[in-house]
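For reference, the chains in residue letters:
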Amino acid sequence: MKALGMKDNAPTTMSVETFSPDPHHIGARIRGPKARSFTIHTESNHSLDTSATPWLSAVLPVAMQVKTPVDFDGDVDSVAIDNSHRAQEILSGWHPRHYPRTTIGFRETLTSVSPAPGVGCFFSCGVDSFYTAINQSDRITHLVFVHGYDIKPDDHDLAAQALASARAAAGELGKPLIEVRTTLRAEFSDSYRVPWGHIYHGAALAHVAQALSPHLGTVIIPSSYPSGSLKPWGSHPDLDAAWSSSGVTVEHGELDVTRFDKITRIVESPTAMTYLRVCWENRDGRYNCERCFKCLRTRMGITFAGGECATLPSPLDPQAVKRVSLNSARRQRFRETIAELDRRGVHDPELVRAMKSAIRRSYVLQRFGR
Ligand SMILES: [Zn+2]
């Protein structure tokens, strides 16, 4: 229903009403401008935080993009509220036109919560998560697998395959696996086309981290980039920290290692070489497609580090490397790979030629269209 005289584009508040049908299931009904409404579910094999705190990072970047105030019908942790001002400062500093600051309303703030002793680490079975899980094994008590972000909530086959691997890998690494399934991305942020990589994925992971406050006092988001390559990105050491509450500190992973350093470390782990999952394209529903940029680049790293990986078994095909599709960020990754090979004294002229050819080809395709 629309109020008389109200324009369709009139800004209204984005309101968030939380619910929890049982301790393992939390949800939010969100009503946004233009009468859009969403019901989001987050479920786990562990009990979850039923306050409004986990929904702060989930909703705030979306409200900023929509340029509307956000109102929580529930208690939000006071430290999380304080930190979220910093999150807004970072996002609006990076993207002043598209993510201006907004205001947050809430019922009342919780006083501080004492953090649980657990230390969690997000664990997708990728290079970054295997590296952090192995490198910080001494302090990590739980690994956290999320279904609903890189794997769509309704892709049950791939999710089952990925989850089985995460369970087996966590078992071999001696850590309990916390399993979470959420419709947050598919139901909410994708509906508003909030850019997953550039803006939202750290905030979405922080939603899960905060939801696990009954068990975890610290949650590590494995890093994507070393400190020298940091740029505005949805998971960044400054932004991730700004999604912390009194109960859960959100930590960004290691910044002093390149992707090659990480691969060099994880090829020594039989567990990583059995369960590694790097593919986002999952062509034909495959665990790793072995044809996309991420698969090929990881395969190269493993070869150069002298490893063998059961989930990337095919020999490197220079023809496939030549044909891979590159945008400017990926061109940069290939240039870094060529420089890294040179630095490490690895001689593979055919592969270097293939990478250079892919870089040249990508400029031509960019200029003349695909
Ligand atoms: Zn792939």
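Further up the page is the structure itself.
Here is a short report on the structure shown in this document. Because the structure is predicted, anything quoted here is derived from the model rather than measured.

1. What to know about the coordination of the zinc ion
Moving on, step 1. Distances from the zinc ion to its protein donors, C279 (SG), C289 (SG), C292 (SG) and C295 (SG), fall at 2.2 to 2.4 Å.
Moving on, step 2. With 4 donor atoms in place around the zinc ion and angles of 105 to 115° between them, the coordination shape is tetrahedral.
Moving on, step 3. Expressed as a motif, the donor residue spacing for the zinc ion is C-x9-C-x2-C-x2-C.
Moving on, step 4. According to the relative accessible area criterion, C295 is buried, its value standing at 1%.

2. What to know about the side chain of T218
Moving on, step 1. Within the element layout of this structure, T218 appears in strand β9 (residues 216–221).
Moving on, step 2. For T218, a relative accessible area of 15% puts it in the buried group.
Moving on, step 3. Discounting chain neighbours no more than four positions away, the residues touching T218 are G118, V119, G120, R139, T249 and E251.

3. Section: the sheet that holds strand β3 (residues 36–44)
Moving on, step 1. What the 10 strands build is an open sheet, ordered β5-β4-β1-β2-β3-β8-β7-β6-β9-β10; its pairing is mixed. Each end of this open sheet is capped by a strand with a single partner; those strands are β5 (104–110) and β10 (249–252). Between one strand and the next, the sheet's axes are offset by a mean angle of 25°, whatever the strand orientation.
Moving on, step 2. Two strands pair when backbone bridges link them, and β3 and strand β8 (residues 177–182) are joined in this way by 3 bridges, in the antiparallel orientation. Looking across to β8, one finds that S44 is bridged to V180.

4. Some remarks on helix α12 (residues 328–343)
In an α-helix, one turn spans 3.6 residues; hence positions three or four apart end up facing the same way.
Moving on, step 1. Here α12 is 16 residues long and its end C-alpha atoms lie 23 Å apart, about the 22 Å a rise of 1.5 Å per residue gives.
Moving on, step 2. Among all positions of α12, only R331, R333, F334, T337, I338, E340 and L341 are buried.
Moving on, step 3. Structurally, α12 contributes buried residues whose contacts are with α8 (259–266), α10 (293–304), α11 (318–323) and α13 (349–368).
Moving on, step 4. Between a side-chain oxygen at the N-terminus of α12 and the backbone nitrogen of A329 the separation is 3.2 Å; the capping residue is N327.
Moving on, step 5. Just beyond α12, the residue with positive phi is G345, at close to 70°.

5. Remarks on the packing of α12 against α13
Helix-helix packing: each pair is described by the crossing angle between the helix axes and the interaxial distance.
Moving on, step 1. Closest axis-to-axis distance for the α12/α13 pair is 10 Å, and the angle between their directions is 160°. Accordingly, the angle class assigned to the pair α12 and α13 is roughly antiparallel. Handedness of the α12/α13 crossing: left-handed. Contacts from R331, F334, R335, T337, I338 and L341 of α12 reach α13 at V352, M355, K356, A358, I359, S362, Y363 and Q366.

6. Considering the side chain of S362
Moving on, step 1. For S362, the location among the structural elements is in helix α13.
Moving on, step 2. For S362, the side chain forms a polar contact with the side chain of R331, separated by 2.9 Å.
Moving on, step 3. A distance of 2.7 Å separates the side chain of S362 from the backbone oxygen of I359, its partner in a polar contact.

7. Quick notes on the environment of V180
Moving on, step 1. Positionally, V180 belongs in strand β8.
Moving on, step 2. Spatially, the C-alpha atoms of V180 and T311 are 24 Å apart, while their sequence positions differ by 131 residues.
Moving on, step 3. Look past the residues within four positions of V180 in its chain and what remains in contact with it is T42, E43, S44, V144, F145, V146, H147, V208 and L212.

About the criteria used
Residues numbered from 1 in each chain as written. Predicted model: local features only at pLDDT ≥ 70, side-chain atom pairs only at ≥ 80, totals over all residues. Heavy atoms only, no water. Donors = N, O, S within 2.8 Å, 3.2 Å for Na, K, Ca; no water. Tetrahedral: all angles 85-135°; square planar, octahedral: opposite > 155°, others 65-115°. Buried < 20%, exposed > 50% of the residue type's maximum accessible area, 1.4 Å probe, protein only. Helix = DSSP H or I, 4+ residues; strand = E, 2+ residues; numbered from the N terminus. Contact = heavy atoms within 4.5 Å. Pairing = 2+ DSSP bridges. Axes fitted to C-alpha atoms, helices over the stretch in contact; angles between N-to-C directions. Expected span 1.5 Å × (residues − 1). Polar contact = N/O pair within 3.5 Å; in protein donor to acceptor, adjacent residues only side chain to side chain. Parallel < 35°, antiparallel > 145°, perpendicular 65-115°, else oblique. Left-handed = near helix turned anticlockwise from the far one by under 90°.

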